[in-house]
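# An overview of the molecular structure
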Amino acid sequence: MWRTKHVPVSIHDPNSERLEEVTEEIVAELEDESIIRNVQTSLEDTAPELQVLIDEDAALEEGLVPAQIAEIVNNATNGQTATAIETEDNDIYQVNVRYQDEVLESIENFENLSLQNQDGEYITLADVATIEEGESPATINRADMTPAVDFDVVYESSGTLGETSAVVADILDDIELDDEAEFVIGGDEELMNEAFENMALAFALGLIFIYLVMVAQFESFKYPFVIMFTVPLFVIGVMLALTVTQTPISVIALIGVIVLAGIVVNNAIVLVDYINQKKEKGLPSREAIIEGVKDRTRPILITALTTILGVTPLALAIGEGTEMQQPMGIVVIGGLISSTLLTLFVIPVIYSLFDKETRSMNKKFVTPDGEIVYARDLKKKEETGSEEYELSEQQALPEPEQSSVETRETSESGDYSKDEIVHILEELVRRSKQRNDSKEDKDEEK
């Protein structure tokens, strides 16, 4: 069924003539837009009237001014209170005297209304004025005592309230209204803007409460902060889903966004909690993160899939009356897909940035040979029980080409700077101390 939708617009201007002129220009511009079907204004609703055009020169010859003639005509048409009658019950009734209806039924009779000039003689209204038939607005609109014109903009059912409101606002901006004039786009647009503000507040409060609950669960401020990075991830999917399905942003869609904020964090909670459990069992942070992602990927995907399948009928608008809730289903599905997939990649990276052990993996060491070694390339010789570190097999340092004597000679010759020599000596002292500590531990064990 073809449905029409409306956008009410109001223009305020203290100058009535200028208001009528700009109204015609606005109507012409709006009707040129393809999204707009029809434009109606409050000026189009008119009522027939008799217009009295006073001849000022003729009136002055009779000793009358336009205000006097206007008052006489008003008394003739609307009547004049002559007296008041008080009844025995103390009820007061106003007595209004006016011409009979037959006098005002035609222009000829109206022209024969009697007026008294300054000499006391009676003349007809036709002697000092011209009577014409015309039309005037059925209602006189005012906003804060300022003349106003109301527009009813009807747009196609294929369009949206936001698109039409934007088109109307652009046209009004291009026309460049007078500084004293102003326009207001009301109706559903005004209600929608208020709803968006309320939804934004609800979303912010929801995130705060979610964070506080996780702080109590993890007994830490760090890990809940890592989990909150899942919130931006679902925004990507929401925008893509709305764009692909050509679904406008509405209040129902924003409700879906608020619901998503509480759903998407569950995947990150499961992942972060599992990583923490692995670390408590003695697994290094790097291995705990890798194992956590491997072990939790399947449960996370299955959980997300069940939720997506559950809201699929809502997104497909299956069933009577589900069209209104369809944007919510689309938003939930799009946000879940993007957040679930990206959580498995982004959250481990964010976790590693906040973990002290993984951050120190890029710490650099200098060997006696002047080579730079990263902490991630060093490991303990657990098999021998030695505290000495060796390089991993993939990035083992080459054998030194010079002996210690040659190194000293080279140092004395000036090939090494003073800082480099000091750093090398400190490294030698550190390793020597580690060997001595290791020997002492073995002696104590024996």
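Residues numbered from 1 in each chain as written. Predicted model: local features only at pLDDT ≥ 70, side-chain atom pairs only at ≥ 80, totals over all residues. Heavy atoms only, no water.

## Details of the overall build of the protein chain
We apply this condition: Per the convention used, a helix needs a DSSP run of H or I reaching at least four residues, while a strand needs a run of E reaching at least two, with both numbered from the N terminus. We call a residue buried when its accessible area falls under 20% of the maximum for its residue type, exposed when it is over 50%, and partly exposed in between, using a 1.4 Å probe and counting protein chains only. Two residues qualify as a contact provided that any one of their heavy atoms is within 4.5 Å of a heavy atom in the partner residue. Only the protein chains shown count as covering a residue, and every accessible area follows the Shrake-Rupley method with a 1.4 Å probe.
Within the protein chain, the regular secondary structure consists of 14 helices and 15 strands. Sorting the 446 residues of the protein chain into buried and exposed places 32% on the buried side. If you take every contact in the protein chain between residues at least 6 apart in sequence, the share linking residues at least 24 apart comes to 66%. Of the roughly 28,400 Å² that the protein chain leaves accessible, carbon and sulfur atoms contribute 52%.

## A short note on a negative patch on the surface
Stated formally: What makes a patch is a set of residues exposed beyond 30% relative accessible area and free of salt bridges, joined within 9 Å when like-charged and within 5 Å when nonpolar (Val, Leu, Ile, Met, Phe, Trp, Tyr). We define a salt bridge as a side-chain nitrogen of Lys or Arg found within 4 Å of a carboxyl oxygen belonging to Asp or Glu. Charge assignment in this entry is limited to Lys and Arg as positive and Asp and Glu as negative, and neither His nor the chain termini are counted. Charge positions come from single atoms, namely NZ of Lys, CZ of Arg, CG of Asp or CD of Glu.
A cluster of acidic residues, Glu-25, Glu-29, Glu-31, Asp-32, Glu-33, Asp-170, Asp-173, Asp-174 and Glu-176, forms a negative patch at the surface. Mapped onto the negative patch, the elements with two or more residues apiece are helix H1 (16-31) and helix H5 (161-175). Mapped onto the elements, Glu-29 comes out in helix H1.

## A closer look at the packing of helix H8 (residues 230-244) against helix H11 (residues 326-354)
Convention followed: In this analysis, axes come from line fits to C-alpha atoms, helices being fitted only over the stretch in contact, and the angle between any two N-to-C directions falls in the range 0 to 180 degrees. Comment on the angle field: the value is read as roughly parallel under 35 degrees, roughly antiparallel over 145, roughly perpendicular from 65 to 115, and oblique elsewhere. Two helices cross in a left-handed way if the nearer one is turned anticlockwise from the farther one by less than a right angle. They cross in a right-handed way if the turn is clockwise. Residues are grouped as follows: Ala, Val, Leu, Ile, Met, Phe, Trp, Tyr, Cys and Pro are nonpolar; Asp, Glu, Lys and Arg are charged; every other residue, Gly included, is polar.
Here H8 crosses H11 at 140°, and the two axes come no closer than 7 Å. By the angle between their axes, H8 is oblique relative to H11. In terms of crossing hand, the pair formed by H8 and H11 is right-handed. Listed contacts from H11 to Thr-230, Leu-233, Phe-234, Ile-236, Gly-237, Val-238, Ala-241 and Leu-242 of H8 are Ile-330, Val-331, Gly-334, Gly-335, Ser-338, Ser-339, Leu-342, Thr-343, Val-346 and Ile-347. Within the contact of H8 with H11, the residues separate by chemical class into eleven nonpolar, seven polar and no charged.

## A closer look at the nonpolar core
It is characteristic of soluble globular proteins that their nonpolar side chains tend to be buried jointly. Using the following cut-off: Throughout this description, the term nonpolar core refers to a set of buried Ala, Val, Leu, Ile, Met, Phe, Trp, Tyr and Cys residues connected via side-chain atoms within 4.5 Å.
In terms of nonpolar packing, the biggest core is built from 40 residues, with Ile-227 and Leu-260 touching the most fellow members. If we ignore the near neighbours within four places in the chain, the residues touching Leu-260 are Phe-234, Val-238, Val-331, Val-332, Gly-335 and Leu-336. Counting 25 residues, the second-largest nonpolar core is a separate cluster that includes Tyr-155, Val-167, Leu-172 and Leu-177.

## A look at the pattern of salt bridges
As enumerated under the stated definition, the model contains two salt bridges in all. The partner of Asp-13 in a salt bridge is Arg-18, with the nearest N and O atoms 2.8 Å apart. On the basis of relative accessible area, Asp-13 is assigned to the buried category, the value being 2%. For Asp-355, the salt bridge identified is with Lys-279, shortest N-O distance 2.5 Å. One end of the pair, Asp-355, is in the loop between H11 and helix H12 (356-359); the other, Lys-279, is in helix H9 (residues 251-280), and 76 residues separate them in sequence.

## Quick word on H11
Defined as follows: To estimate the expected span of a helix, subtract one from its residue number and multiply by 1.5 Å. Note on bend: the value at a residue is the angle between axes fitted to the seven residues ending there and to the seven starting there.
Taking 1.5 Å of rise per residue, 29 residues should cover 42 Å, and H11 covers 39 Å from first to last C-alpha, within 8% of that figure. Maximum bend of H11: about 50°, positioned at Thr-343.

## A short note on H9
Because the α-helix completes a turn every 3.6 residues, residues three or four places apart line up on one side. In a regular helix each residue adds 1.5 Å, so 30 residues correspond to 44 Å; H9 covers 45 Å between its end C-alpha atoms and thus fits that length. Phi for Gly-282, located one or two positions after H9, is positive at around 100°.

## A few points about the confidence of the model for the protein chain
Under the convention used in this document: A score between 0 and 100, pLDDT records how confident the predictor is in each residue.
Confidence in the prediction for the protein chain averages 77 pLDDT; 76% of positions are at 70 or higher. This model gives residues 379-414 a pLDDT under 50, and the stretch forms 39 contacts once residues within four places in sequence are excluded.

## Brief notes about the packing of H9 against helix H10 (residues 285-315)
Here H9 crosses H10 at 140°, and the two axes come no closer than 8 Å. Looking at the two axes, H9 sits oblique to H10. In terms of crossing hand, the pair formed by H9 and H10 is right-handed. Note on element contacts: H10 touches H9 through Ser-285, Ala-288, Ile-289, Glu-291, Gly-292, Val-293, Asp-295, Arg-296 and Ile-300, opposite Asn-267, Val-270, Leu-271, Tyr-274, Ile-275, Lys-278 and Lys-279. For the contact of H9 with H10, the residue count by class is eight nonpolar, three polar and five charged.

## Let's talk about unusual backbone geometry
Positive phi, close to 65°, is recorded for Asn-90, a residue that is not glycine. Relative to the helices and strands, Asn-90 resides in the loop between strand S4 (80-86) and strand S5 (92-97). The class for Asn-90 is exposed, based on a relative accessible area of 57%. Phi angles above zero are rare outside glycine, and Gln-246 is one such case at about 55°. Of note, Gln-246 is situated in the loop between H8 and H9. When its relative accessible area of 67% is taken as the criterion, Gln-246 is described as exposed.

## Considerations on the packing of aromatic side chains
Here is the rule we go by: By convention, a stacked pair of Phe, Tyr or Trp rings (six-membered ring in the case of Trp) has centres within 6.5 Å and planes under 30 degrees apart, an edge-to-face pair has planes over 60 apart, and any other such pair is tilted. Two conditions define a charge located above a ring, namely a distance within 6 Å from the ring centre to NZ of Lys or CZ of Arg, and an angle within 35 degrees of the ring normal.
Enumeration over the complete set of coordinates arrives at four aromatic pairs. Ring geometry for Phe-225 against Phe-229: centres 5.3 Å apart, planes inclined by 85°, an arrangement best described as edge-to-face. On the accessibility criterion, Phe-225 (39% relative accessible area) is partly exposed. In this structure Phe-229 comes out as partly exposed when scored by relative accessible area, which is 29%. Pairing Phe-225 with Phe-354 gives two aromatic rings, centres 5.7 Å apart and planes at 65°, and the pair type is edge-to-face. Of this pair, Phe-225 sits in helix H7 (residues 222-227) while Phe-354 is found in helix H11, placing the two residues 129 residues apart along the sequence. Residue classification places Phe-354 among the partly exposed positions, given a relative accessible area of 28%. These aromatic residues form a ring-pair network of at least three members: Phe-218, Tyr-223 and Tyr-351. For Arg-296, the ring lying beneath its charged end belongs to Tyr-274, and the centroid distance is 4.6 Å.

## Quick word on a nonpolar patch on the surface
The grouping of Leu-201, Leu-205, Ile-208, Phe-209 and Leu-212 at the surface amounts to a nonpolar patch, some 490 Å² of accessible area in total. You can see Phe-209 is positioned in helix H6 (residues 188-218).

## Some remarks on the pairing of strand S10 (residues 146-155)
This is how the line gets drawn: Paired strands are those between which DSSP finds at least two bridges.
Of all ten residues in S10, seven are buried; the element is thus mostly enclosed. One ladder, built from five bridges, connects strand S2 (residues 36-41) with S10; its direction is antiparallel. Bridge pairing in S10 links Asn-38 to Val-154.

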